[in-house]
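Examining the three-dimensional arrangement
Residue-level listing of the chains:
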Amino acid sequence: MMKNSSKFVFVILFLSFFLSGCNQHPKINIGEALTKSEEEFKKEGIECVSAFDGEKIIKFRLLLKEPPTNEEATNQFKKILDIIATHSNNNDIWDIYNADFDLSYEDNVIYEGKKDAGNDLKVKAH
């Protein structure tokens, strides 16, 4: 009888560990991904700043030398998404985290981008 109960306990523990592991988000070093992403833009001559709230929201601002068109702004936001995903080593990052982006020109925010987890990018001109 003791033998069957110990098997039962083992199976329950195994399933508990297995299921809890399946429900966790992958470990992503957001700080490192943002730092590397900033460095990539700075190599292109684009100043930028970024932040992470420690939970779910990534913020990224590009400080531009010329105002972009609406199409160029959308492409810049898509580029930010791609670069951060590349440096996070996780293509599913945008199914987990939200992002708020700004394009700034002469100390004014001229475009905002918003990417909620699992949803499409939204771009708004100011």
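My aim in this report is to walk through the structure given alongside it, one point at a time. On a predicted model such as this, the values are computed, not experimentally measured, just so you know.

Where side chains of opposite charge bring their charged atoms close, a pairing between them can arise. The full count for this structure, using the stated rule, is seven salt bridges. One salt bridge in this structure joins E38 and K42, with 3.6 Å as the shortest N-O distance. Here E38 and its partner K42 are both found in helix α2 (residues 30-43), four residues apart, which amounts to about one turn of the helix. Residue K42 is classed as partly exposed on the basis of its relative accessible area, which comes to 38%. Put simply, K79 and E44 hold a salt bridge, and the shortest N to O gap is 2.7 Å. With K79 in helix α3 (residues 70-88) and E44 in the loop between α2 and β1 (47-52), this residue pair connects regions lying 35 residues apart in the sequence. Exposure remark for K79: the relative accessible area of 29% places this residue in the partly exposed category. Residue E44 is classed as partly exposed on the basis of its relative accessible area of 40%.

Turning next to the sheet that holds strand β5 (residues 121-125). Taken in spatial order, the five strands of this open sheet run β1-β2-β3-β4-β5, and their pairing is mixed. With partners counted over all chains shown, the strands left at the sheet margins are β1 and β5, one partner each. Taken over all neighbouring pairs, the strand axes of this sheet differ in orientation by 15° on average, direction set aside. Packing of α2 onto the sheet brings it into contact with β1 and β2 (57-64), and relative to β1 it is tilted by some 170°. Sheet strands touched by α3: β2, β3 (98-105), β4 (108-115) and β5. Its angle to β3, the strand with the most contacts, is close to 135°.

What counts, and where the lines are drawn
Residues numbered from 1 in each chain as written. Predicted model: local features only at pLDDT ≥ 70, side-chain atom pairs only at ≥ 80, totals over all residues. Heavy atoms only, no water. Salt bridge = Lys/Arg side-chain N within 4 Å of Asp/Glu carboxyl O. Helix = DSSP H or I, 4+ residues; strand = E, 2+ residues; numbered from the N terminus. Buried < 20%, exposed > 50% of the residue type's maximum accessible area, 1.4 Å probe, protein only. Pairing = 2+ DSSP bridges. Axes fitted to C-alpha atoms, helices over the stretch in contact; angles between N-to-C directions. Contact = heavy atoms within 4.5 Å.

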